[in-house]
Amino acid sequence: MSSEIRIDDQPCDLNGTPQLRPGFDAAALADPATAREGSSMELLLPRSPRNDRLLGDAYAPQGTRTFNLTTRRVDIEWKGALLFSGTARLLSCGPEGYRLELRDGAPQWARSAALGMLRTLPGSFRMQLTPVDICAGWSDSSAVKFFPVVRDDYPKQSSGTGLYPAERLLSVDDYHPFLQLAPMVEAIFTGAGYTVESRFLESEFFRSLYMSGAYTSHDTSLLQKRMGFFARRLSTARAQADSLGRVYADPYRTQYSVGNIVETAQPQSVDEDGEPLGEQLFNNGGCFRQEDGGIVFRPLSEVTVGFEYFLRYTTEHRILDRNRLTGFDSLYLGTGSRLQFSLANRFVDRRNNLSPNYEYLVVVFGHKEGAEYRLTYVTGGKSQTWCEFSGRTAKVSTPPTGSFSNPMLMRRGLNVWIEYTLDWALYDGYLEERGTTTVELRVSSTPVTASPTSPVRFDTIFFQGAEPGMTLTLDKECSMRPLFSGRPGYDELLEFGDVARHEVRQMELLQAVGHLFNLRFFTEEPSRRVWIEPADDFYGAGPDADWRSRTDFSEPVEFEELSPGFRERRTWCYAAAEGAVARADEESGEEFGAWSYEMTSRATKMGEERLRNPLFAPVFSVKGYYANAVSASLLQVGDRDAEVPDGNIAPTVVRYCGLHSLPEGERWGFPYEQAEYPLAAFNHAGDDETEPFTLTFGDLEGAEGLRSRYLAQSEIEDLRQRITLTLRLEPHEYAALFTPGTGMPDIRSRFRLDTGAGEVVAILEAVERYDPERSSARCRFIRLMEDGLR
């Protein structure tokens, strides 16, 4: 077997045995950014005719000095084992020989991740920004999903009419893109030609994690100062639907119109009741104006602009079925944005909860003209006729006393009563088949190009979906403002790069994910494989090694306490929170999501070290926001005190638990219309469907926090030692340390060692030097808490 050093496959003459100083340090495995640096060591080659030719006679003034003009490949092989493979550069030369620096350069994935932005990762995502496509994404294999969110805002008083609050119709603005972590992390490596070996990345848990996406963000402050406005209505307006079921926001129509959708952006304006509209009205540059009775946005220069509308209106409705009402449930914004929604039937069916002396409204959903019905119930153990009626609805009352159950609707057939097999309901008697519903909606239109000579007009907006003659009342609270950002509007075509516009490099994502789960990253460059696991799983994945007989006691065994290298208190926490989380932290005086380890050793450095995630911030969830599904737990994002026109939020990470059931009587809105919703959360208290979980570092609500990824390591650093000793390792054993998967002990193994003062179980921290001729390796180990191997 050969023992040689080769440069560009040419053997070199040696002067004794090279002392390899590989510089392996396990601490570097915790930070993927260190892979950019590679490792290096120096080698001294003697002067000889062969080496002189290979090095271009660099020591002589008349030498060619061509060695450093090209990249030189160097391989060190000893007794058939490849100990090093990398590049060489000449540092100096003299009578003693040639001094070379050998480098195993940074892997390609590390170089590309350090330079590449998150949005440049490959992805097959492509969709139209519509409610239909958003809902479809909840159950498909897409790596981008839009989850419902609640924008942090100051509380608003309910403006609903009657017994029910205003219905908040969900638009695409009520959803935010979230990007699945697993395919992004994998793509960083596979895109550079590497294979990832990781049970953790393949786990169901990790594949359920998503980070918030981001749209294109521009500094729009100058545009806002020059051409921004905020407009409101001055008065309430009412109109009836035409034969197409439409009411128009068109000032030029004499019928079926509520006039301009908004009316003024003039500060100090007062409404029809003489009340000031508030200081929020402004009109920079006079770009919002009325021309010939219609409202117009005429910018000072050409600009791409969309518009955010807040609309509140009351629609006459008719009960359509147990899930929906007929009324004004669609909107056309005049720029190709046709929004369809659904008015939810929020009335409770009382068939399973009959009370004495109470009036009810019967509604037969599949009614056909001329049909006759008989309604029965069970009282005293017998079925009794309650009433008979014809028509789609009827009012019925229970007797003053008694108990009543099992109501049944019968339909008259051919001289016989048969059970009605279609749907029907029994509502509270104070309800009518027809009534009114107040609707609130916030939506952004598709951006268009406008200029001083080609302004945007708003006279083609209309509401639709109602029956002819139904009334719509447009509230004076309606408002509008321009959006100069890159935020997409309704029905825009989106690809991965459109929703991953964070100013974040790929390496920053790896560091953030690594911080959450205490990951270790190890690259074996010759095979282009990368091992990624949490520390507790990384160490122990290699074969256990009993190396008690390998200690070379001719060199000293050194013991060093670990605790003096650490602060007395270390806190793992997230990036600075915003919005609701920041306010809660200020109120409680505690940092949500954080966890601290207090060292028991008194040899530590004084003070606290805060290990903050470089990217992700924590996020709360809230219930009760969406009136049709008050039990739905929705992410509360944003900051009410920060103006973010592009709708972006601080990067955060959540776990997606799939579609989650809603209680009886609750349903998600158009177009899903099911009694379930997508549950995505930072932490969840648990219920009948989902075990409790949390992404906080500390334990929370019965769920184990991410502290579990750091606890064993912290205890070792608190209570154990670093042990430096010399081992007898053959070259093939040394090479196997850095080649996982050979079946021999490697850097992931746990080692049983004889220190001369007792036996320990440890993991490899560093290799300081290796002498292949003597098969001697000087190594540093970290002693583990346990005494035995598996």
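For the structure, see preceding data.
Here is what the cut-offs are and how they apply
- Residues numbered from 1 in each chain as written.
- Predicted model: local features only at pLDDT ≥ 70, side-chain atom pairs only at ≥ 80, totals over all residues.
- Heavy atoms only, no water.
- Pairing = 2+ DSSP bridges.
- Helix = DSSP H or I, 4+ residues; strand = E, 2+ residues; numbered from the N terminus.
- Contact = heavy atoms within 4.5 Å.
- Phe/Tyr/Trp six-rings, centres within 6.5 Å; stacked < 30°, edge-to-face > 60°.
- Buried < 20%, exposed > 50% of the residue type's maximum accessible area, 1.4 Å probe, protein only.
- Lys NZ or Arg CZ within 6 Å of the ring centre and 35° of its normal.

### Focus: the sheet that holds strand S16 (residues 247-248)
Strand order in the open sheet made by the four strands is S16-S35-S22-S23, with antiparallel pairing throughout. Across the chains shown, the open sheet's two edge strands, defined by having one partner strand only, are S16 and strand S23 (338-340). Alignment of S16 against strand S35 (residues 462-464), held across two bridges, turns out to be antiparallel. If you follow Tyr-248 over to S35, its bridge partner there is Phe-462.

### Description of the environment of Val-362
Structurally, the position occupied by Val-362 is in strand S25 (residues 359-364). For the pair Val-362 and Glu-433, spaced 71 residues apart in sequence, the C-alpha to C-alpha distance is 9.2 Å. In this structure Val-362 touches Leu-375, Phe-389, Arg-392, Thr-393, Ala-394, Val-396, Trp-424, Ala-425 and Leu-426, once residues within four positions along its chain are discounted.

### Quick word on the packing of aromatic side chains
A full pass over the atoms with the stated rule returns 45 aromatic pairs. Note on Trp-138 and Tyr-175: the rings are 6.0 Å apart at their centroids and 40° apart in plane angle, and the pair reads as tilted. Of this pair, Trp-138 sits in the loop between helix H3 (131-136) and strand S9 (144-151) while Tyr-175 is found in strand S11 (residues 175-180), placing the two residues 37 residues apart along the sequence. Judged by its relative accessible area of 3%, Tyr-175 falls in the buried class. Summarising the aromatic geometry, the rings of Tyr-574 and Phe-682 are spaced 5.1 Å apart at their centres and angled 70° between planes, so their arrangement reads as edge-to-face. Of this pair, Tyr-574 sits in the loop between strand S43 (567-573) and helix H10 (579-588) while Phe-682 is found in the loop between strand S49 (676-681) and strand S50 (683-684), placing the two residues 108 residues apart along the sequence. Like Phe-682, Tyr-574 is buried. Through successive ring pairs, a cluster of aromatic residues spans Trp-572, Tyr-574, Phe-592, Trp-595, Tyr-597, Phe-620, Phe-682, Phe-697 and Tyr-710. The side chain of Arg-655 reaches across the aromatic face of Phe-693, ending 5.1 Å from its centre.

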